[in-house]
Amino acid sequence: MSEALRGPAATTRGRLRPLGLGAATITGGFWAPRQARNGADAIPSGQDQLEKAGNLHNLRLAAGIGTGEAIGPVFADSDVYKWLEAAAWEYGRNPDDDLLKRIRDLTVVVAAAQREDGYLDSVVQLRQGDEGRYQELVWSHEHYCAGHLIQAAVAQVRCTGDRGLLDVAIKLADHLFATFGDGKTVDVDGHPVIEMALVELYRETGTTAYLELAKWFVDARGHGIIERHGHSAAYFSDRVPVREATSVEGHSVRAMYLAAGAADVALETGDSDLLDALKRQFDHMWSTKTYLTGGLGARWEGEAFGDEYELPPDRAYAETCAAIGGIQWAWRMLLATGDATYADAIERMLYNGFLAGVSLSGTEYFYVNPLQLRGAAYPDTGRSPAHGRRGWFDCACCPPNIMRTLASLDAYLATATEDAIQLHQYAAGTISSGEVELTVDTAYPWDGSVRISASTPTVVELRIPAWAEGATLNGEAVAAGGYARGSGQEFELLLPLVPRIVGADPRIDAVRGCVALERGPMVYAVEQADNTANVDDLHLLPEAPIATPSDVLDGVTILTARGKLGTGHRGGWAYRTDADDSTGPEVDVVAVPYYAWANREIAAMRVWLPRA
């Protein structure tokens, strides 16, 4: 997001320096058509959806335009601001007069809705008036909405040069600084994001008060502020102070946004103790609470993390927004440490946990991303994937979040240090740092060849994913799980894309004894559309899968493995331990990348299959 596209006042002190706006550009390959559909279809239709849902109506009423009552949830403004951020990044990526007009017209409405003292939240203003401000901050999302406004404002000024929304953001941030903190109102929002936003506003303006307030909000957590409202402190990441926590817990999106904001504070203040705490939390999350797909959040109840190794595939919540928050956190940890582990995590979340949330057309979405759907699944809630992908949701946080991530994706590709350029994610395009321009030619992730040409001799550091055993750089073997350093003008990185059968950690009870298929950064799913055998009854044999290019689903590489059908040896409530349930006939098992499932029909799908 905006943290990767620095303004002139940026002061990030991490090991790696993000590149400036437009310094990295995706021009082809895997991601370019997805960005194109996002800009041409998703963002315009997103504004239409916000109009239909009433989000824009609320802001107009607060601005004194029209009549009526507030519509929708209390956090309705936040989806407008995420859309504005997406539109700004898209304009920076691909300038368009119509899009700029949309941005400016909506900015005028937002500015008119702001109160004289800087306060802005249309739903609270309309339903509760000035006396209702911050009375139920645990649920009102007032800081959450403010945070998304600030992020949109920073994106807008950097991509368009317009200061209209930035002036609103500064006025709102000044109001927050005057209202909250030691000796003022001691309270924190139930949904973090203001922390990230205030640090980014500090980077844009150089105003240290915003960094101070962000630090205060981070340190105020875990001291019972929210618990006094009578709600679960763990749900709000308020049970344990951030500096003392050893893992993440509670609502997965809240936890990710708080951790990302804390990482921003650690970066800007040089707080090594805070950074060390975040390292411990990320490592514990990644090793015990993360799905194979990079999905985060095991429980539908509370949209929350579960206990260690509580990762049921069929009941996985794995909200799309949580994957986005995970990417944001991992990016900041990468900047701070230069550790390839975080770039590997970003890759896994991008290609799987995040990308599964949007259709190939770019305009239909999943809120929830399970790793299994049974053939007879009933869609008992509006967010159930058994409905199929949907054009919008009653709680529409995910669609505009996807839009802003795709529009700003270029910024996650590379960084720089004084003596080298680091490539973290591989996509066809160009990367500029100082006087050096790199041209990247690759069909990754379908092909493991990455060719890089430099305009002048330079030093590059290329991430070698942990799965890429046998990788070479200019013909020389390089170790997986780190960065390979090379100098010159021409580089050829070869990453072996050998299909893999991976086993489940036996501590994950729900998939003990199961295996899954991977190739490169992709997790694969077995979907009924590609298999004549009943997917619910398949067992996988240990034979090596075969990778084959195809024309389906925008041209994915499919994997074909061998499996057996189960014979249904079941004994009522008790499964017969003396029966082999994989003694049926052998069959081909066809798998497609997990992100592409449910683009043809809604039927059985599973990532984990029992071993035959």
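Everything that follows concerns the structure shown earlier in this document.
About the criteria used
Residues numbered from 1 in each chain as written. Predicted model: local features only at pLDDT ≥ 70, side-chain atom pairs only at ≥ 80, totals over all residues. Heavy atoms only, no water. Helix = DSSP H or I, 4+ residues; strand = E, 2+ residues; numbered from the N terminus. Rg over C-alpha atoms; globule rule 2.2 N^0.38 Å. Buried < 20%, exposed > 50% of the residue type's maximum accessible area, 1.4 Å probe, protein only. Contact = heavy atoms within 4.5 Å. Pairing = 2+ DSSP bridges. Polar contact = N/O pair within 3.5 Å; in protein donor to acceptor, adjacent residues only side chain to side chain. Expected span 1.5 Å × (residues − 1). Axes fitted to C-alpha atoms, helices over the stretch in contact; angles between N-to-C directions. Parallel < 35°, antiparallel > 145°, perpendicular 65-115°, else oblique. 1 Å grid on protein atoms, 1.4 Å probe; cavity = no way out; pocket = protein on both sides within 12 Å on 5 of 7 lines; lining within 4 Å. Points joined across faces, edges and corners; volume = space filled by probe spheres on them. Nonpolar A, V, L, I, M, F, W, Y, C, P; charged D, E, K, R; others polar. Core = buried A, V, L, I, M, F, W, Y, C linked by side-chain atoms within 4.5 Å. Disulfide = S-S within 2.5 Å. Left-handed = near helix turned anticlockwise from the far one by under 90°.

Colleague: Looking at this structure, I do not really get the overall build of the protein. What am I missing?
Modeller: Regarding its fold elements, the protein presents 15 helices and 20 strands. At 24 Å, the protein has a C-alpha radius of gyration in line with the 25 Å of a compact globule built from 612 residues. Along the first, second and third principal axes, the C-alpha set of the protein runs to 75 × 65 × 45 Å. Here the protein, with 612 residues, has 62% of them falling under the buried criterion.

Colleague: Please explain the environment of Cys321 as it appears in this structure.
Modeller: You can see Cys321 is positioned in helix H13 (residues 320–337). The buried category is assigned to Cys321, whose relative accessible area is 1%. Each C-alpha atom of the pair Cys321 and Ser252 lies 8.7 Å from the other, and the pair is 69 residues apart in sequence. Apart from the residues lying within four places of it in its own chain, the contact partners of Cys321 are Val253, Cys397, Cys398 and Asn401.

Colleague: What is the right way to look at the pairing of strand E17 (residues 557–565) in this model?
Modeller: On a regular strand, one side chain projects to one face of the sheet and the next to the other, so that they alternate. Sheet analysis places strand E15 (residues 538–540) next to E17, joined by 3 bridges and oriented antiparallel. The partner of Leu538 across the bridge, within E17, is Leu565. Looking at chain direction, strand E16 (residues 546–549) and E17 are connected through 4 bridges and run antiparallel. Bridge assignment links Pro549 to a residue of E17, and that residue is Thr557.

Colleague: How do you make sense of the side chain of Thr415 when you look at a structure like this?
Modeller: Secondary-structure assignment places Thr415 in strand E4 (residues 414–416). Of note is the side chain of Thr415, whose polar atom sits 2.8 Å from the side chain of Gln422. Only 2.8 Å separates the side chain of Thr415 from the side chain of His424, close enough to count as a polar contact. Once you skip the residues sitting within four places of it in the chain, Thr415 turns out to touch Leu16, Arg17, Pro18, Leu19, Trp331, Leu335, Ile421, Gln422 and His424.

Colleague: So what exactly am I meant to see when it comes to helix H10 (residues 208–220) here?
Modeller: In an α-helix there are 3.6 residues to a turn, and that puts residues three or four apart on one side. Here H10 spans 18 Å end to end across 13 residues, near enough to the 18 Å set by a 1.5 Å rise per residue. Where H10 is buried, its residues contact helix H7 (142–160), helix H8 (164–179), helix H9 (194–205) and helix H11 (252–269). Note on H10: the residue one or two positions beyond its end, Gly222, has a positive phi of about 85°.

Colleague: Even after reading the chapter, I still don't get the environment of Gly222, so can you show me in this structure?
Modeller: Position of Gly222 among the secondary structure elements: in the loop between H10 and H11. Linking Gly222 and Pro241, residues 19 residues apart in sequence, is a C-alpha distance of 3.9 Å. With near-sequence residues (within four places) excluded, Gly222 lies in contact with Asp238, Arg239, Val240 and Pro241.

Colleague: Help me understand the packing of helix H1 (residues 32–53) against helix H2 (residues 55–62) in this model?
Modeller: What describes two packed helices is the angle between their axes and the distance between those same axes. Across the interface, H1 lies against H2 with an axial gap of 4 Å and an inter-helix angle of 65°. One element, H1, and the other, H2, form an angle in the roughly perpendicular class. In this structure, H1 contributes Gln47, Leu50, Glu51 and Ala53 to the contact, and H2 contributes Asn55, Leu56 and Arg60.

Colleague: How do you make sense of the layout of surface pockets when you look at a structure like this?
Modeller: The gaps of empty space that remain are located by a probe, the size of a water molecule, rolled over the atoms. Size it by volume and the largest pocket reaches roughly 630 Å³. If you go around the largest pocket, you meet 27 residues; those closest to its centre are Trp286, Tyr291, Leu292, Arg348 and Glu518. Looking at the lining of the largest pocket element by element, the count peaks at 5 residues for helix H14 (residues 340–354). Per-class residue counts for the lining of the largest pocket are 14 nonpolar, 7 polar and 6 charged.

Colleague: Teacher, can you tell me more about the nonpolar core here?
Modeller: Inside soluble globular proteins, nonpolar side chains tend to come together where they are buried. By size, the foremost hydrophobic cluster in this structure holds 183 residues, and its most contacted members are Trp31, Tyr81, Leu84 and Trp329. Beyond its immediate chain neighbours, meaning those up to four positions away, Trp329 contacts Val248, Met256, Ala259, Ala260, Ala263, Leu278, Gln281, Phe282 and Met285. Formed by 25 residues, the second largest nonpolar core is a distinct cluster that contains Tyr291, Ala298, Leu311 and Cys514.

Colleague: I'm lost on the state of the cysteines in this one. Help?
Modeller: Where two cysteines share a covalent bond between their sulfur atoms, that bond is called a disulfide. In total, this model carries 0 disulfides according to the counting rule given. In this structure Cys145 is a free cysteine whose sulfur lies 11 Å from that of Cys395, the closest cysteine sulfur available. On the accessibility criterion, Cys145 (1% relative accessible area) is buried.

Colleague: How should I be thinking about the packing of H7 against H9 in this particular structure?
Modeller: Where H7 meets H9, the axes come as close as 8 Å, and the angle between the chain directions of the two elements is 30°. Relative to H9, the element H7 is oriented roughly parallel. Once H7 is placed against H9, the crossing between them reads as left-handed. Residue-level contacts link His143, Ala146, Gly147, Ile150, Gln151, Val154, Val157 and Arg158 of H7 to Ile194, Met196, Ala197, Leu198, Glu200, Leu201, Arg203 and Glu204 of H9. Considered class by class, the residues forming the contact of H7 with H9 number 9 nonpolar, 3 polar and 4 charged.

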